[in-house]
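# A closer look at the structure
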Amino acid sequence: MRPSAARLLNILVPVKRSVDYAVKIRVNPQQTGVDLNVKHSMNPFDEIAVEEAVRLRERLKDGVKSIKAVTIGPPKASETLRTALAMGADSAIHVEIPESAPAPEPLGVAKALHALIQRGDGEGKVDLVIMGKQAIDDDAGQTGQMLAGLLGWGQATFASKVQVDVEKREAVVLREIDGGSEEIRCRLPLVVTTDLRLNEPRYASLPNIMKAKKKPIEKLTAADLGVDFTPRLETLKVTEPPVRVGGGKVESVDELVAKLKDAGFTAA
Amino acid sequence: MDQRRRAIALYKELHRLGREYPDPAYNFHGKMRNLFERNRQLTDPQEIESALKLGEYIKQETLALYALRKYRHLRRMYPPTE
């Protein structure tokens, strides 16, 4: 049974091709960044976002019209899109940036997504954007919030539970905040960023990966969207944290007090 | 013949999974190949069925291992705020 007057939901899931979680990070010889000649995979928080979109469709059945995955990255990022398609997305958009170009900054990504969402209209209008709260390689955690600001939409960040009511065009989201959680009711359209505790992403089995090869991926460039990805920040130096020195053991309380006095700690 | 197709699909799936095994010293592919080779001459459908079930079980266990490892790592890196 189709929902009566309500328009069906179009969900957009931006994903990022980031350094794989299991990789041992090394600083590159020029000290300008991290060694990127390593294994990459979809950002785990974005996997959770894709999983949530697919679960929403399973829960709302006909309420969800389409799930679109989008990524902004080099040509290799299309593998990440294939993973999203294998997990259950219907189609994908790849905003290609040249291999030699620096990685786009969160503001650039937000502007590109904003331009993409503005393009859609009528039946193709995006109602819900679900994305990871941060990428595990740069840990910026800004894109979702910036996107909501550019669009003028509400934002439900660090979501650990999402419930959508298509008829009423609203969502109830449980957010993880300092000291507990907060439940908010938001009107659609909405930007949601996912926390680790939202769900457990599914494994994309081989038959699904094969099926995903037939799903469409639309290719775009920065020029098509009218967005400039030039970085506004310049990384001056990247260094590893100082090596941890071991602590020392003491034999008695008096020795401990003596050592503390030597270090400069005096009784208040 | 349907069992044959299932066995081949299981082999392909396990092979793909084995690529991401966390311990480089563990010869996942070698062990898997040995297990399949040992059972290649089975003819009784019941025996083949139980062998396929064991293969499925190993696949689920490996998936659980990967999922747990990833979750534990992420939970350590991004702990819940107090």
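Residues numbered from 1 in each chain as written. Chains lettered and ligands numbered in written order. Predicted model: local features only at pLDDT ≥ 70, side-chain atom pairs only at ≥ 80, totals over all residues. Heavy atoms only, no water.

- Under an unreviewed UniProt entry, chain B has the name Complex 1 LYR protein domain-containing protein and belongs to Roridomyces roridus.
- Within the UniProt record for chain B, the comment given under Sequence similarities (unreviewed entry) is "Belongs to the complex I LYR family." (UniProt positions renumbered as here; feature names shortened; annotations may be inferred.)

- If you check an unreviewed UniProt entry, chain A appears there as Probable electron transfer flavoprotein subunit beta from Roridomyces roridus.
- Under the UniProt heading Function (unreviewed entry), the note attached to chain A is "The electron transfer flavoprotein serves as a specific electron acceptor for several dehydrogenases, including five acyl-CoA dehydrogenases, glutaryl-CoA and sarcosine dehydrogenase. It transfers the electrons to the main mitochondrial respiratory chain via ETF-ubiquinone oxidoreductase (ETF dehydrogenase)."
- What UniProt records for chain A under Subunit (unreviewed entry) is the sentence "Heterodimer of an alpha and a beta subunit."

## Brief notes about helix α1 (residues 44-60) of chain A
Residue and element names in this part refer to chain A.
- For α1, with 17 residues, the first-to-last C-alpha span of 24 Å sits near the 24 Å given by 1.5 Å per residue.
- Extensive coverage of α1 is indicated by the burial of twelve of its 17 residues.
- When we look at burial in α1, the residues that qualify are P44, F45, D46, E47, I48, A49, V50, E51, E52, A53, V54 and L56.
- Remark: K61 follows α1 within two positions and exhibits a positive phi of approximately 50°. (Helix = DSSP H or I, 4+ residues; strand = E, 2+ residues; numbered from the N terminus. Expected span 1.5 Å × (residues − 1). Buried < 20%, exposed > 50% of the residue type's maximum accessible area, 1.4 Å probe, protein only.)

## Quick word on a nonpolar patch on the surface
All names here are of chain A.
- Among the surface-exposed residues, V250, L256, L260 and F265 lie close enough to one another that they form a single nonpolar patch of about 350 Å² accessible area.
- Of note, F265 is situated in the segment after α7 (253-263).
- Since its relative accessible area comes to 58%, F265 is described here as exposed. (Patch = residues over 30% accessible without salt bridge, like charges linked within 9 Å, V, L, I, M, F, W, Y side chains within 5 Å. Areas by Shrake-Rupley, 256 points an atom, 1.4 Å probe, with all protein chains shown as cover. Salt bridge = Lys/Arg side-chain N within 4 Å of Asp/Glu carboxyl O.)

## Focus on the interface of chain B and chain A
- Across the contact, 19 residues belong to chain B and 22 residues belong to chain A.
- Summed over both sides, the interface between chain B and chain A buries roughly 1,800 Å², with carbon and sulfur atoms accounting for 59% of that surface.
- Along the contact surface separating chain B from chain A lie one salt bridge.
- Residues K70 of chain B and E47 of chain A are paired through a salt bridge, measuring 3.0 Å at the closest nitrogen-oxygen approach. (Contact = heavy atoms within 4.5 Å. Buried area = accessible area lost by both parts, 1.4 Å probe.)

## Describing the UniProt feature "domain: Complex 1 LYR protein" (unreviewed entry) in chain B
- Summarizing the sequence annotation, UniProt attributes the feature "domain: Complex 1 LYR protein" (unreviewed entry) to residues 5-56 of chain B in the numbering used throughout.
- As a span, residues 5-56 of chain B carries 71% helix and 0% strand, and end to end its C-alpha atoms are 14 Å apart.

## Comments concerning the pairing of strand β4 (residues 64-73) of chain A
Residues and elements named next belong to chain A.
- The buried fraction of β4 is high, at seven of ten residues.
- Both β4 and strand β5 (residues 91-96) contribute to a ladder of six bridges, which runs parallel. Bridged to G73 within β5 is E96.
- Remark: the β4/helix α2 (residues 78-87)/β5 crossover connection has right-handed handedness. (Pairing = 2+ DSSP bridges. Right-handed = clockwise from strand over helix to strand, strands pointing away.)

## Side note on the side chain of D46 of chain A
Residue and element names in this part refer to chain A.
- Structurally, the position occupied by D46 is in helix α1.
- Here D46 is buried and forms no salt bridge, its nearest opposite-charge partner K16 lying at an N-O distance of 7.7 Å.
- Setting aside anything within four residues of it in sequence, one finds D46 in contact with P14, V15, K16, M131 and G132. (Lys, Arg positive; Asp, Glu negative; His and termini not counted.)

## Some details on the sheet that holds strand β10 (residues 190-194) of chain A
Residue and element names in this part refer to chain A.
- Strand order in the open sheet formed by nine strands is β9-β8-β7-β10-β6-β1-β4-β5-β11, with mixed pairing between adjacent strands. Of all the strands in the sheet, the pair left with one neighbour each is β9 (180-187) and β11 (217-221). Each neighbouring strand pair of the sheet contributes to a mean axis angle of 30°, computed without reference to strand direction.
- Relative to β11, β5 is paired through five bridges, and the arrangement is parallel. In the sheet register, I93 faces β11, and the bridge partner there is E218. (Axes fitted to C-alpha atoms, helices over the stretch in contact; angles between N-to-C directions.)

## Quick word on the packing of aromatic side chains
- For the structure shown, the criterion picks out six aromatic pairs over all chains.
- Members of the aromatic cluster, connected to one another through ring pairs, are Y21, Y26, F28 and Y66 of chain B. (Phe/Tyr/Trp six-rings, centres within 6.5 Å; stacked < 30°, edge-to-face > 60°.)

## As for a positive patch on the surface
- Residues R82 and K213 of chain A together with R16 and R19 of chain B make up a contiguous surface patch of positive charge.
- When you line up the elements, R82 of chain A lands in helix α2. (Charge placed at Lys NZ, Arg CZ, Asp CG, Glu CD.)

## Here's the deal with unusual backbone geometry
All names here are of chain A.
- Residue P189 is reached from L188 by a cis peptide bond, and omega for that bond is 0°.
- Residue placement: P189 occurs in the loop between β9 and β10.
- At Q31, a residue that is not glycine, the phi angle is positive and equals roughly 60°.
- Unlike most non-glycine residues, F158 shows phi in positive territory, near 55°.

## Quick word on the nonpolar core
Residue and element names in this part refer to chain A.
- Among the nonpolar cores identified, the biggest contains 43 residues, and L128 and L190 are the most heavily contacted of them.
- Elements with a contribution of two residues or more to this core: β1 (9-14), α1, β4, α2, β6 (128-132), β7 (154-165), β8 (170-177) and β10.
- No other element matches the seven residues that α1 contributes to this core.
- Ignoring sequence-local partners within four residues, the contact set of L128 consists of N10, I11, L12, L56, V164, L188, L190 and V192.
- Ranked by size, the runner-up nonpolar core spans 26 residues in total, among them L12, A110, L151 and A222. (Core = buried A, V, L, I, M, F, W, Y, C linked by side-chain atoms within 4.5 Å.)

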